[in-house]
Structure formats: structure tokens, C-alpha cells
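# Breakdown of the fold
What follows is each chain in one-letter form.
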Amino acid sequence: MHARSWLQPLALVLIASVAGSGCLLIPEVQKKTIDLAAGASTTIEFPVSGTIQSGTLDKTVDLTDLDLATVLSDAGIDVSNVKDVKLAGVEYRVSAADPVPSRQVQINDITIQVGTQAAQKLVASSFTDDVSSVYGFKLAPIDVASSAAVGEINGLLDNLLDNLKGGAPLNTSLRCTMSAASIPANASMDFTLELRLKVSVVGTMEVTVVE
Amino acid sequence: MIRFVGFLVLLTLFMGAVPASAQLSANLGALEGDNARGYLSPLPNALSSTMNSAVFRTGDVPKMKPRLTVGVELMGALFGDKDRTYTPVIPGYANTVAAPTVVGSTESVALPGPGGFVLYHPGGLDIGEFLIAVPQVTVGSVFGTQAVGRWISVDLGDSDLGKLELLGLGAQHSISQYFPRLPVALALGVFYQTLKIGDGLLDTKSTHVDVTGSRKFSFLQPYAAVGFDSFKMSARYDYTAGESDETISVDFDRKTNAHLTIGVLADLPVVKFHAELNAAATTGAAVGLALGF
């Protein structure tokens, strides 16, 4: 076959293949609604000075400290487009070390209480860690029993979201208590333990893409 | 000519390579380093394949002859199903879930954790293909060598498309000038490119080397090329899920792969049109239109 006789069909096939590759190469501008995810956290500080006693590690925290409005704004999510907000983790760290080497704290449990009459609910239990050095956040040992506490906190997060949307003010505060003991026992300690609540939020945003 | 340049400007605004970089940056902000790598995992192959396409479209580089063409190249690559999800790893979370990558479903995915925790993973842009359009200039030829350059810099402000800058420079040197009896025209080409999206959000560098062979049949010039691509990508973003924002840099492993091309060039006196298929890091296609001589 003469070269030119097969070349033109071949060229057409090639061009058709390029054009037909799933409509590739035909740009189209589209508006899409896409789920964005963002994270936020609030840290509860427990300074310890002296012996650890009942009430030493006891704090009330307001989840407005999460500054969810700023988190959403930075992520480009309008508050009206938030689909959900949930507790994603509980972590702890020592942010100021005890000057005496080899000191430890034994955490028997961490509980939360929403409302003064409500029962305390377990968040995490039974861990021991060094307080003589500063370290980054570690995961608190969470088990199945903590799901009730997580549910309570998620309820407060829902309240927080409703408040941001301009609803009637709802409670967003909780009491966090750690039952703990020093190692060695009854030692006079000087350190700061921090507990961090991590929150995951998801919302929608309209974007422009070209494909 | 002015109309043609206007067309080029319009066409080059269709930069599929920059799918909503503002949104991309926001979504990355919720991901720690390794998961950001998973979220962006389809991009290196797609970028490598598209950026390294439609660079050289002939093996015929005259030894000494004025040549100047100005045009636009539109390159695309398809994403496969495997590109649409990845498996994020979250410390303390025993469960796993298939979360969308940047090109996957627009729907977020909730990963259940211990004790009722939930961590949301962002949705993707739900795109099936990846397109780059870029103006390209070819100038030659001296001692059997011609230069090729492509460049575009667009700043679409606060829009979702963001800022993009692509620069590519390279040259093609005739091999067939040393072997005049070859049945096809052969040329060796080298091309280096950088692509930057957002202010450091994505930063890529790529090198393409190939040998292109072509033969003229009237105005049609089929061509084929065998070569390789080397591609490096890094991402930098603000991780916003922590107590305070921190800038995270994610480096992707360098990718090196073979690059095969078949195409046809319609080499008319003033208008040059070409279409080609590429088998590289991903399969893709490209078309180009240029004016010149």
C-alpha cells in the first residue's frame, strides 16, 4: 500500500483517539460543592504546686475556647454550611517539668461532668508518665467506656455550633477532673500537666474546577 | 495574529492543573504529613505525564534554517479508579477507611476512633482528568539545534484557581544530520520544567529526555518518541488542626519512568497542528496549535 493512502486514515484514528479519550482535552469549568474538613483544639492546663490532693487537678473549661468561628473562617467554611463537629481525640503532655528528676504522676482516671447535677463520666483511665521533663502531646488511653463522655462533649459541640448560628445560648462548658497520685507518694510536686481536646469539623464549600 | 494571541490567553486560563488551590490548601490543613501525601498521591503521576507531553513533535531539525513557531499546547491525563482513594493512618485509631484523594469523591469520610471519637477526612474535587494548557515557542535552527520554551504565570487572586507559574526550557538536536541515510528524521531532546501552584503549595521540577523520529508525507508528519521523565514534587501547607498553625512540608519521592509518544503533525505553511498519545507515568493525550514557519 502506498504510504499516503494509509497515512491519512492513521492520522484520523490518532486524532480521534486523542479527542475521544474520555472527552479529554475539552476543558470545562464546573462549580462543585465539596466537603472541607478542619481541625481545632483547646488545651486545659493543670498546674501542680505541692502535693496532689483531691481537687488539685480539677478545671472547668468552656468549649468557646476552641474559637470555632475562626477555625471555620480560616478553612473557608460558612457556619451555615457546617455538617458536623465531633471530638476526635484527647491528648496530654507535661508543659512545665518538675525540677526533681524521676518524678512521675499516676492518673487513675480522667472524668468530665456537664452540669453540676450530672454524673461524672469517664474519659480515660490508668496511665502513669514522667513529669520531670517536657514532652509533646501523647494520646490518652481511651477505651470503650469513654463513649458516654465523648457523647456528652459532642453534645456541647453541637451547642457551640448552634450558638454560632445565632440560636438561644446553650451550655458549652464542662468540668474536667483528674484523679491522680504522685510518684513517689505524697511528694511535693511542681509541674504543669496539659490536656488537649481535639475536634474535627466538616462543612461544605462551593469551588470552581476546570477539567 | 492579535486574535490568535487572545485565543491563547483565553485558552491558557483553562488550567486544569490548578483545581481550586485555595480549597486544596484548606483541605490539606486538616491532614498530617503522611496523610497529606496520600491525599495528593495522584498528582505526581498526572503532573509528570502532562507536563512532559507535547514538548517535541518532530525529529526533523534542519541543520541551518530559520524556524519560529508560537502556539499553545493542551495536555491531559486520565485518572484511574485507584487514584480516587487512599487509606489514612491516624495514631490511636485502629480502624481504617478509604478516604478520597484530591481527585476523589467530593464527600468527606468519617473515621471512627476509640471511645466514639470521629475524625473527618476532606472530600476531593471529583475530577477524572487533568489538563494543562501552556503557550510554547520553538526557535531554530542553528547547527541542527532548536530551542523550545513554554511559560505561563497567572495569578487569579483570591479565586479558587489561585496562582500558577510554569516555566520550561529545552532544546532538540538533530541526530540525523550525522546519519544522512536514515529513513526517518531523528532528534535528541532535553526539556526541564518547573511548575508552582499557590505560594509554595505545590512545587514541582521535571526533566524529560527523548529521541523523536518523524517522517514527512506531504504536509502530514507522523512522529514517535522514546524517552524518560524524571519528576519531583513537594507540597507545603499550614497544618491547622493542631493547637497552633504549623507549616508542614511534604516531599514526594522522585519518579522516573519511560515515556512513549506517537503522534501526527499537520505541518502547513503557517499553521501547525498536532495530536499525540502518551504512555508515561499515566496515559494521556495532547494537542497543539501553533503559527509560524
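What counts and what doesn't
- Residues numbered from 1 in each chain as written.
- Chains lettered and ligands numbered in written order.
- Predicted model: local features only at pLDDT ≥ 70, side-chain atom pairs only at ≥ 80, totals over all residues.
- Helix = DSSP H or I, 4+ residues; strand = E, 2+ residues; numbered from the N terminus.
- Buried ≥ 20, exposed ≤ 12 C-beta atoms within 10 Å, placed from the backbone.
- Contact = placed C-beta atoms within 7 Å.
- Pairing = 2+ DSSP bridges.
- Axes fitted to C-alpha atoms, helices over the stretch in contact; angles between N-to-C directions.
- pLDDT = per-residue confidence, 0-100.
- Arc of directions from axis to C-beta.

### Structural notes on the overall build of chain B
Counting its secondary structure elements, chain B contains 4 helices and 15 strands. Taking all 293 residues of chain B together, 52% fall into the buried category. Long-range pairs, those at least 24 residues apart, make up 63% of the contacts in chain B with a sequence separation of at least 6.

### Observations regarding the sheet that holds strand S5 (residues 121–130) of chain A
Residue and element names in this part refer to chain A. Pairing is antiparallel in the open sheet, where 4 strands are placed in the order S2-S7-S4-S5. Looking along the sheet, the strands with just one partner apiece sit at the ends: strand S2 (58–62) and S5. On average, each strand axis in the sheet is inclined to that of its neighbour by 20 degrees, with strand direction left out of account. Both S2 and strand S7 (residues 173–183) contribute to a ladder of 5 bridges, which runs antiparallel. Each bridged residue has a counterpart across the sheet, and for Asp-58 the counterpart in S7 is Thr-177. Most of the contacts of helix H3 (residues 147–164) go to S5, to which it runs at about 110 degrees, and overall it touches strand S4 (104–113), S5 and S7.

### As for the confidence of the model for chain B
In the predicted model, chain B carries a mean pLDDT of 86, and the fraction of residues at 70 or more is 87%. Contacts from residues 1–19 of chain B, a stretch scored under 50 in pLDDT, to residues over four places away or in other chains number 40 contacts.

### Digging into helix H2 (residues 68–75) of chain A
All names here are of chain A. By the burial criterion, the buried members of H2 are Leu-68, Val-71, Leu-72 and Ala-75. Down the axis of H2, the sector holding all buried residues measures 95 degrees, keeping them to one side. One or two residues past the end of H2 sits Gly-76, with phi positive at roughly 80 degrees.

### Notes on unusual backbone geometry
The omega torsion of the bond from Ile-183 of chain A to Pro-184 of chain A falls at 5 degrees, within 30 degrees of zero and hence cis. Among the structural elements, Pro-184 of chain A can be located in the loop between S7 and strand S8 (189–210). The amide bond that connects Gly-140 of chain B to the next residue, Ser-141 of chain B, takes the cis arrangement and shows omega of -20 degrees. Structurally, Ser-141 of chain B can be placed in strand S6 (residues 129–142). In this structure, Ser-102 of chain A is a non-glycine residue whose phi angle is positive, near 65 degrees. Secondary-structure assignment places Ser-102 of chain A in the loop between strand S3 (82–96) and S4.

### Observations regarding the environment of Phe-130 of chain B
Along the chain, Phe-130 of chain B falls in strand S6. Linking Phe-130 of chain B and Lys-163 of chain B, residues 33 residues apart in sequence, is a C-alpha distance of 17 Å.

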